[in-house]
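# Structural features, examined
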Amino acid sequence: MPALRPAPTVALNDGTRIPVIGLGTYMGNPLGRRLESDVGQVEQAVLDAIDIGYRHVDGALLYQNEEEVGRAVRAKIAQGVIKREDMFICTKLWNNSHHPDAVESTCRKSLSNLGLDYVDLYLMHWPVAFRDGDDLKPLGPDGKVLFSHVDILDTWRAMEQLVRKGLTRSIGVSNFNERQLRRLMDHCSIRPVVNQVECHPYLSQAPLLALCQQLGVRVVAYSPFGSPESDWSLGKVDRLLDDPTIAEVGRRHGKTPGQVILRSLVQRGAIPIPKSVTKSRIRENFDIFDFELSAQDMATLEALNKNRRMCPFLEGLGHPEYPF
Ligand SMILES: NC(=O)C1=CN([C@@H]2O[C@H](COP(=O)(O)OP(=O)(O)OC[C@H]3O[C@@H](n4cnc5c(N)ncnc54)[C@H](OP(=O)(O)O)[C@@H]3O)[C@@H](O)[C@H]2O)C=CC1
Ligand SMILES: O=C1CO[C@H](CO)[C@@H](O)[C@@H]1O
């Protein structure tokens, strides 16, 4: 199958550009655990995605597969399919490394995992700090996650240094609520270029999207399909991808429910990062630039909002910066 046309890119507030769709790489495992059966799947998915036309990959130290992402990207560079500068690679600082002294070494660890000398975007994964150390999920004797109380602004200042040192082109945040984002914007020297949050027709995030637009911060939409296979997903009862209204909109355009969801996010100015390790779906999810949803379609989809969060991040409950 021939490659599809590259996705359009949009400008970020620091002058760099981001492709409006990316490939997600979280395998749906419980926090910090990795299954043997997952090994190799993300590497193949990234190879397939690049052949199809993707130029944006969303990763994280937490996902424990940065090596696979990096191997695939480097293989495609070696084959001459892409150049490094064609790709937009994002990874994230996990919650156990918020202490300013840990930020640079943790970013360098991701770069070493990826086998790259810079990433395009480095995100603070959550506004919630866990106890510093190697443990991705440090637990106390009561089985609850151990927190620490590093100020978000201190972590951010250390992330700003990463831009100055050339380890990342841009920095941003993830899972920040309106208060946290406003406070950061008021105190930073380098502005966050994106806020990556859960966003799909059952959690439309209209107020947060409006605020981000006002502040010049792009929204990256995670779990665009409601993360149907994640262990924490509450979406098993009424799956977004089985919604009859979305299917009906899709029928009118000759498109699948997944394509309708992704297209609607792009038309709302968000940047979806659907995850798939299935080549046919990776292609299907990218094939959204040959149709347009009408204002009526968009209103129909907007009416599906239930403020239903599939990723409630219960591990962070009780921390003063728990965002929800
Ligand atoms: N910042 C944060 O805190 C978070 C960030 N993320 C990021 O967002 C990405 C996407 O979110 P994620 O939670 O993975 O879930 P998604 O909503 O992207 O759903 C992924 C699931 O949908 C399936 N799927 C993909 N495409 C299709 C299709 N066209 N038709 C039917 N099923 C499909 C996949 O199956 P299969 O792979 O088997 O094809 C997989 O099971 C993550 O991978 C990660 O990169 C996610 C959660 C939190
Ligand atoms: O990116 C993510 C993937 O899933 C995790 C849950 O295990 C989330 O906490 C995290 O934000």
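Residues numbered from 1 in each chain as written. Chains lettered and ligands numbered in written order. Predicted model: local features only at pLDDT ≥ 70, side-chain atom pairs only at ≥ 80, totals over all residues. Heavy atoms only, no water.

### Topic: the overall build of the chain
Applicable threshold: Each helix corresponds to a stretch of at least 4 residues labelled H or I by DSSP, and each strand to a stretch of at least 2 residues labelled E; elements are numbered beginning at the N terminus. Just to be clear, the radius of gyration here is over C-alpha atoms, and the globule rule we use is 2.2 Å times residues to the power 0.38. By the convention used here, residues are in contact when the closest approach between their heavy atoms is within 4.5 Å. Accessible surface is estimated by sampling points in the Shrake-Rupley manner with a 1.4 Å probe; for residues, cover comes only from the protein chains shown. Note on charges: Lys and Arg go in the positive column, Asp and Glu in the negative column, and His and the chain ends are not counted at all. To locate a charge, take atom NZ for lysine, CZ for arginine, CG for aspartate or CD for glutamate.
Secondary structure assignment for the chain yields ten helices and ten strands. What you see for the chain is a C-alpha radius of gyration of 19 Å, in line with the 20 Å of a compact globule of 324 residues. Expressed as lengths along the three principal axes of its C-alpha atoms, the size of the chain is roughly 55 × 45 × 40 Å. In the chain, of all internal contacts separated by at least 6 residues, the share reaching a separation of at least 24 is 76%. Looking at the chain as shown, the accessible area adds up to about 13800 Å², and 50% of this sits on carbon and sulfur atoms. Considering the chain, the positive charge centre built from 39 side chains and the negative charge centre built from 40 side chains are found 2 Å apart.

### Remarks on the site of ligand 1
What counts, and what does not: Near, as used in this document, describes a residue that has one of its heavy atoms within 4 Å of the molecule or strand being considered. In protein, a polar contact requires one atom able to donate a hydrogen and another able to accept it; more generally it is a pair of N or O atoms within 3.5 Å, and residues adjacent in sequence count only if both atoms are side-chain atoms.
Around ligand 1 lies a shell of 29 residues, among which Asp58, Ser227, Lys275, Ser276 and Thr278 are the nearest. Between ligand 1 and valine 277 there is a distance of 2.9 Å, counted from an oxygen atom to a backbone nitrogen or oxygen. One of the side-chain N or O atoms of asparagine 285 is found 2.9 Å from a nitrogen atom in ligand 1. Within the complex, 93% of the 910 Å² of free accessible area of ligand 1 lies under protein.

### Brief notes about the packing of aromatic side chains
Two aromatic rings, taken as a pair, are described by how far apart their centres are and by the angle between their planes. Defined as follows: Working definition: a ring pair exists when centres of Phe, Tyr or Trp rings (six-membered ring for Trp) sit within 6.5 Å. Plane angles under 30 degrees give stacked, over 60 give edge-to-face, the rest tilted. Burial classification: accessible surface area is computed with a 1.4 Å probe over protein chains only, and a residue below 20% of its type maximum counts as buried, one above 50% as exposed, and the rest as partly exposed. Distance and angle both matter: a charge sits over a ring if NZ of Lys or CZ of Arg is within 6 Å of the ring centre and within 35 degrees of the ring normal.
For the structure on display, the rule yields nine aromatic pairs. When the centroid spacing of 6.2 Å and the interplanar angle of 75 degrees are considered together, the rings of phenylalanine 286 and phenylalanine 289 count as edge-to-face. Residue class for phenylalanine 289 comes out partly exposed when judged on its relative accessible area of 29%. Linked through ring pairs, Trp94, Trp126, Phe130, Phe147, Phe313, Tyr322 and Phe324 together constitute an aromatic cluster. The ring of phenylalanine 291 has arginine 263 lying over it, and the distance from NZ or CZ to the ring centre is 5.8 Å. Above the ring of phenylalanine 324, the side-chain terminus of arginine 309 is found at 3.6 Å from the ring centroid.

### Topic: the pattern of salt bridges
How we decide: For this document, the term salt bridge refers to a Lys or Arg side-chain nitrogen within 4 Å of an Asp or Glu carboxyl oxygen.
If you walk through the whole model with that rule in mind, you get 19 salt bridges. Between lysine 76 and aspartate 51 there is a salt bridge; the shortest N-O distance is 2.9 Å. Placement of lysine 76 in helix H2 (residues 66-78) and of aspartate 51 in helix H1 (residues 41-52) is noted, with a sequence separation of 25 residues between them. The class of lysine 76 is buried, set by a relative accessible area of 6%. In this structure, aspartate 290 engages lysine 255 in a salt bridge whose closest nitrogen and oxygen atoms are separated by 3.0 Å. Taken as a pair, aspartate 290 in the loop between helix H9 (279-286) and helix H10 (295-302) and lysine 255 in the loop between helix H7 (244-253) and helix H8 (257-267) lie far apart in primary sequence, 35 residues in all. With a relative accessible area of 54%, aspartate 290 lands in the exposed category.

### Observations concerning unusual backbone geometry
Here glutamine 64, not a glycine, exhibits a phi torsion of approximately 60 degrees, which is positive. Tracing the backbone through its elements, the reader meets glutamine 64 in the loop between strand E4 (56-58) and H2. Given the relative accessible area of 31%, glutamine 64 is considered partly exposed. With phi around 50 degrees, phenylalanine 313 is a residue other than glycine that occupies positive phi space. Its location among the elements puts phenylalanine 313 in the segment after H10. Take phenylalanine 313: its relative accessible area is 5%, and that puts it in the buried class.

### Brief notes about the sheet that holds strand E9 (residues 218-222)
In any sheet, the strands associate via hydrogen bonds between backbone groups, in a parallel or an antiparallel arrangement. Defined as follows: Pairs of strands are assigned from DSSP output, requiring at least two bridges between the strands.
The strand order across the open sheet built from eight strands is E3-E4-E5-E6-E7-E8-E9-E10, with neighbouring strands paired in parallel fashion. A strand with exactly one partner marks an edge of an open sheet, and here the two such strands are strand E3 (23-24) and strand E10 (271-272). The pairing of strand E8 (residues 194-198) with E9 spans five bridges and is classified as parallel. Bridged to valine 197 within E9 is alanine 221.

### Thoughts on the pairing of E9
Among the five residues in E9, four count as buried, and that is most of the element. The sheet contact formed by E9 and E10 spans two bridges and is parallel. When the bridges of E10 are listed, valine 220 appears paired with isoleucine 271.

### Overview of the UniProt feature "active site" (unreviewed entry) in the chain
Note the following rule: UniProt positions are given in the numbering used here, feature names are shortened, and annotations may be inferred rather than shown by experiment.
Residues annotated by UniProt as "active site" (unreviewed entry) correspond here to Tyr63. Structurally, tyrosine 63 is set in the loop between E4 and H2. Classification of tyrosine 63 by relative accessible area gives buried; the value is 13%. Those residues in contact with tyrosine 63 that lie beyond four places of it in its chain are Thr25, Tyr26, Arg34, Asp58, Lys92 and His125.

### Let's talk about the UniProt feature "site: Lowers pKa of active site Tyr" (unreviewed entry) in the chain
Residues given the UniProt feature "site: Lowers pKa of active site Tyr" (unreviewed entry) here are Lys92. Its place among the elements puts lysine 92 in strand E5 (residues 88-93). When its relative accessible area of 0% is taken as the criterion, lysine 92 is described as buried. Non-local contacts of lysine 92, meaning those with residues more than four positions away in its chain, are made with Asp58, Gly59, Ala60, Leu61, Tyr63, Tyr122, Leu123, His125 and Gln196. Within the structure, the side chain of lysine 92 is placed 2.9 Å from the backbone oxygen of glycine 59, a separation counted as a polar contact.

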